[in-house]
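The chain contents come next:
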Amino acid sequence: MTKIFEKISDKNHEQVVYCNDPSSGLKAIIAIHNTVLGPALGGCRMYPYKSEEEALLDVLRLSRGMTYKASISNLNIGGGKAVIIGDPNKDKSEVLLRSFGKFVHSLGGKYITAEDVGMSVHDMEFIRMETNSVTGITRAMGGSGDPSIFTALGVFVGMKAALKKKLNIQSLKGLKIGVQGFGKVGYYLCSHLKSEGAKIYGYDINQESLERVIKEFGVIPVDNDELISMNLDVFSPCAMGAIINPSSIKNLKCSVIAGAANNQLEKEDRDSKLLSEKEIMYVPDYVINAGGLMNVANELKGYNKEKAKYQVEGIYYILMRIFDYAANNNMSTLQAANLLAERRIQDYIKWNHQQ
Ligand code: NAD
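Read on for an overview of the structure. (Residues numbered from 1 in each chain as written. Predicted model: local features only at pLDDT ≥ 70, side-chain atom pairs only at ≥ 80, totals over all residues. Heavy atoms only, no water.)

1. Re the pairing of strand E7 (residues 176-180)
- Counted residue by residue, E7 has four buried out of five residues, so it is predominantly covered.
- The pairing of E7 with strand E8 (residues 199-203) spans five bridges and is parallel. Its bridge partner being in E8, Gln180 is matched across the sheet by Tyr203.
- Handedness of the β-α-β unit built from E7, helix H6 (residues 184-195) and E8 comes out right-handed.
- Inspection of the sheet shows E7 paired to strand E10 (residues 234-237) by four bridges, in the parallel sense. What sits directly across from Gly178, in E10, is Phe235. (Buried < 20%, exposed > 50% of the residue type's maximum accessible area, 1.4 Å probe, protein only. Helix = DSSP H or I, 4+ residues; strand = E, 2+ residues; numbered from the N terminus. Pairing = 2+ DSSP bridges. Right-handed = clockwise from strand over helix to strand, strands pointing away.)

Spelled out as structure tokens, the structure:
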């Protein structure tokens, strides 16, 4: 018991809810990290965690990340996340999802769920049967639809911000961009890159995804090692995390790293430092990939696609502020992003107390 409180207190989580429903087989944990700016919004991940401890650590880490992401994105929402312990291919059922929906509902709007790893937009529809505290449902059901389109737009404008700051370049025409992973985000990103005349290189372990972008956007295929060690203007990780580490940094020859993947740096402090030593500009992942969150957050007040697009395009200015702050205070772009995200919450608390 004490140990759980220690873990919850360590990163200042407000509330952690254990959900147990033997009749549906549901075992879930909802973590609410911070609700200063608004209700805690964050996806629900279903994964066959090896232990309860592993599930708890994951939900604590992910929910805290959502607080930072929402804050730096100027959204009036807080950070939360949920995990369902189980194999999504074997253990998921309508009743399990509805049971999860009931638990979410019992929190009275303090936590709002959405899709994450192991969950689909269709799963959100079952959750929606039990609660309105759910986002990321299909357009046909009145929701915001596929967030990847907006995540890709955010990555594109974020790339432009970084190139403007680092190389004083306005257009991507003729620039060499290397993309790792042509899944949902990587695919839409290519359409933006192609329309601006960039030269796209890339790799995907899935041959079908790779062939699609070769055919549709003229992507030049290279293998992963070559991609990392190429002379590129931008390297864009859009597949998995921890791809930026001492062994990849040794080979990187790009000017900018700007991609959608979560947790790109294997060790934040160590790898930020190594990148600065090589004068490679790192665009903090949770800032540049916030387009999907901005899009789902829009559902809370009645979905408006134009507004969502406007907000996502604003990632350009959010990043410019981070780059300037980092340069003026001699810190990494990631440190600057974290500091500005924390400051927004602290400033709001102060202002609110004075009213
Ligand atoms: P996805 O699963 O649709 O695509 C990932 C792609 O990467 C797949 O095509 C896969 O084959 C490929 N891949 C996996 N391992 C690889 C490897 N070793 N080398 C090359 N390619 C590899 O996922 P997505 O929705 O496009 O998301 C991409 C990344 O962005 C993920 O890290 C995700 O967490 C993050 N992200 C996505 C969104 C979103 O809106 N989809 C939002 C924020 C962050």
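2. Some remarks on the site of the ligand
- Residues in close proximity to the ligand total 22 residues, the closest being Thr151, Lys184, Val185, Asp204 and Ala239.
- Between Gly183 and the ligand, the recorded distance is 3.4 Å, taken from a backbone N or O atom to an oxygen atom.
- One of the backbone N or O atoms of Val185 is found 2.8 Å from an oxygen atom in the ligand.
- Look at the ligand: alone it shows 830 Å² of surface, and the protein chains cover 74% of it.
- At the level of secondary structure, the elements contributing two or more residues to the shell around the ligand comprise helix H5 (148-167) and H6.
- In terms of residue class, the shell around the ligand is built from 10 nonpolar, 10 polar and two charged. (Near = heavy atom within 4 Å. Polar contact = N/O pair within 3.5 Å; in protein donor to acceptor, adjacent residues only side chain to side chain. Areas by Shrake-Rupley, 256 points an atom, 1.4 Å probe, with all protein chains shown as cover. Nonpolar A, V, L, I, M, F, W, Y, C, P; charged D, E, K, R; others polar.)

3. Things to note about the packing of H5 against helix H14 (residues 315-328)
- Closest axis-to-axis distance for the H5/H14 pair is 8 Å, and the angle between their directions is 35°. Here H5 runs over H14; the crossing is right-handed. The segment H5 lies against H14, with Gly154, Val157, Gly158, Lys160, Ala161, Ala162, Lys164 and Lys165 engaging Ile315, Tyr316, Leu319, Met320, Phe323 and Asp324.
- Its residues placed into classes, the contact of H5 with H14 shows eight nonpolar, two polar and four charged. (Axes fitted to C-alpha atoms, helices over the stretch in contact; angles between N-to-C directions. Left-handed = near helix turned anticlockwise from the far one by under 90°. Contact = heavy atoms within 4.5 Å.)

4. What about the pairing of strand E5 (residues 78-85)?
- With respect to burial, E5 is a largely interior element, seven of its eight residues being buried.
- Inspection of the sheet shows strand E2 (residues 26-34) paired to E5 by six bridges, in the antiparallel sense. Its bridge partner being in E5, Ile30 is matched across the sheet by Ala82.
- Note: strand E4 (residues 44-47) against E5, four bridges, orientation parallel. The partner of Met46 across the bridge, within E5, is Ile84.

5. Here's the deal with the environment of Pro284
- The residue Pro284 is located in the loop between strand E12 (281-282) and helix H11 (285-288) in this model.
- C-alpha of Pro284 to C-alpha of Asn262: the two residues are 22 residues apart in sequence and 9.5 Å apart in space.
- Dropping the residues within four chain positions of it, Pro284 is found in contact with Leu319, Thr333, Leu334 and Ala337.

6. Remarks on the packing of aromatic side chains
- The full count for this structure, using the stated rule, is six aromatic pairs.
- Considering the side-chain rings of Tyr187 and Tyr188, the 5.4 Å spacing of their centres and the 75° angle between planes classify their relative orientation as edge-to-face.
- For Tyr187, a relative accessible area of 15% gives the class buried.
- You can call Tyr188 partly exposed: its relative accessible area is 27%. (Phe/Tyr/Trp six-rings, centres within 6.5 Å; stacked < 30°, edge-to-face > 60°.)

7. Section: the environment of Lys278
- Along the chain, the position of Lys278 falls in the loop between helix H10 (268-277) and E12.
- Along the chain, Lys278 and Met119 lie 159 residues apart, while their C-alpha atoms are 39 Å from each other.
- Residues contacting Lys278, with those up to four places away along its chain left out, are Ile249, Lys250, Asn251 and Leu252.
- Among the polar contacts made by the side chain of Lys278, one reaches the main-chain carbonyl oxygen of Leu252 at a distance of 2.9 Å.

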